[in-house]
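Architecture and fold: a report
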Amino acid sequence: MTDEPALRKDLWSRTYQVGVVVRDIEKATAFYERLGIGPFVEGPSAHALERKIYGKDCPDVEVKGLITQMGDVEFELLQPVSGDGIQMEFLKTHGEGVVHLCAHTDDLDRDVEALTALGYEVISSAILEDGGKFAYFDTREVGGLILELFQTGADWQ
């Protein structure tokens, strides 16, 4: 028996999105649309009101985001525009590539508490214009992949 806090078993069962960092979102969109992936529409990334990176307010961080459906999977392209956000950090360190997987949650605060109790730091978070919110966790230790949880607001139901 362990005293370590347990996550709810279905936490990642609503994983729906793959996020890819790119240098040029217009070029990437054209590339993927030529392959039959798209059309792309603006995602929630541009609508962040209160963005924090490593726990600090970062109003200068701006990220362009476009999304499209690929069957049951949402494909998100992310281009860092300004500031030292997680996507800019990834681009500088690794170049373009898959940065995160994202799952829906109905209670982000509950899940942030559970994951931080296990030692997984929130490295990026934001509240969106429509009341939605997200948190990226530092799960890069194995495979370099970040896990994100997203609680929808009025515009992203």
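Residues numbered from 1 in each chain as written. Predicted model: local features only at pLDDT ≥ 70, side-chain atom pairs only at ≥ 80, totals over all residues. Heavy atoms only, no water.

1. Some details on helix α3 (residues 108–117)
For α3, the complete set of buried residues consists of L108, D111, V112 and L115. The arc that holds the buried residues of α3, viewed along the axis, is 105°, so those residues lie on one side. Considering only its buried residues, α3 is in contact with β8 (122–128), β9 (133–137) and β10 (146–151). One or two steps after α3, the chain reaches G119, where phi turns positive at roughly 100°. (Buried < 20%, exposed > 50% of the residue type's maximum accessible area, 1.4 Å probe, protein only. Helix = DSSP H or I, 4+ residues; strand = E, 2+ residues; numbered from the N terminus. Arc of directions from axis to C-beta. Contact = heavy atoms within 4.5 Å.)

2. Regarding the pattern of salt bridges
Tallying each qualifying case throughout the model produces 10 salt bridges. In this structure, R140 and E89 form a salt bridge, with 2.6 Å as the shortest nitrogen-oxygen distance. With R140 in the loop between β9 and β10 and E89 in helix α2 (residues 86–94), this pair connects stretches of sequence that are 51 residues apart. Among the salt bridges present, the one from D109 reaches K133, with a minimum N-O distance of 3.2 Å. In this pair, D109 is assigned in helix α3 and K133 in strand β9, connecting sequence segments 24 residues apart. (Salt bridge = Lys/Arg side-chain N within 4 Å of Asp/Glu carboxyl O.)

3. Concerning the side chain of Q17
As for its position among the elements, Q17 is in strand β1 (residues 15–21). According to the relative accessible area criterion, Q17 is buried, its value standing at 4%. A polar contact is formed between the side chain of Q17 and the side chain of E74, at a distance of 2.6 Å. At 3.3 Å, the side chain of Q17 forms a polar contact with the side chain of E76. Here Q17 is in contact with I67, E74, E76, H100, L101, C102 and E148, once residues within four sequence places are set aside. (Polar contact = N/O pair within 3.5 Å; in protein donor to acceptor, adjacent residues only side chain to side chain.)

4. Examining the nonpolar core
Core analysis: the biggest nonpolar cluster contains 19 residues, and V99, F134, Y136, I146 and F150 have the highest contact counts within it. Contributions of two or more residues to this core are made by β1, α2, β7 (97–104), β8, β9 and β10. Residues in contact with F134, not counting those within four places in the same chain, are R51, L108, S124, S125, A126, L128, E148, L149 and F150. With 9 residues, the next largest nonpolar core counts L11, V112, A135 and F137 among its residues. (Core = buried A, V, L, I, M, F, W, Y, C linked by side-chain atoms within 4.5 Å.)

5. Some thoughts on the pairing of strand β3 (residues 48–53)
Here β3 runs beside β8; their pairing, made up of 5 bridges, is antiparallel. Counted as the bridge partner of I53 is S124 from β8. Bridge count between β3 and strand β4 (residues 56–57): 2 bridges; the pairing is antiparallel. Paired with I53 across the strands is K56, a residue of β4. Joining the antiparallel neighbours β3 and β4 is a turn of 2 residues, in which Y54 adopts a positive phi near 50°. (Pairing = 2+ DSSP bridges.)

6. A look at the confidence of the model for the protein chain
A low pLDDT means the predicted coordinates there should not be read in detail. For the protein chain, per-residue confidence averages 92 on the pLDDT scale, and 95% of positions sit at 70 or higher. No element of the protein chain has a lower mean pLDDT than β3, at 90, and none a higher one than helix α1 (residues 25–34), at 98. (pLDDT = per-residue confidence, 0-100.)

7. A word on the sheet that holds β7
Overall, mixed pairing links the 10 strands, which are arranged β2-β5-β6-β1-β7-β10-β9-β8-β3-β4 in an open sheet. Since the sheet does not close on itself, it has two edges, and those belong to β2 (41–42) and β4, each with one partner. The pairing of β1 with strand β6 (residues 73–82) spans 5 bridges and is classified as parallel. Note that in β6 the partner of V18 across the bridge is F75.

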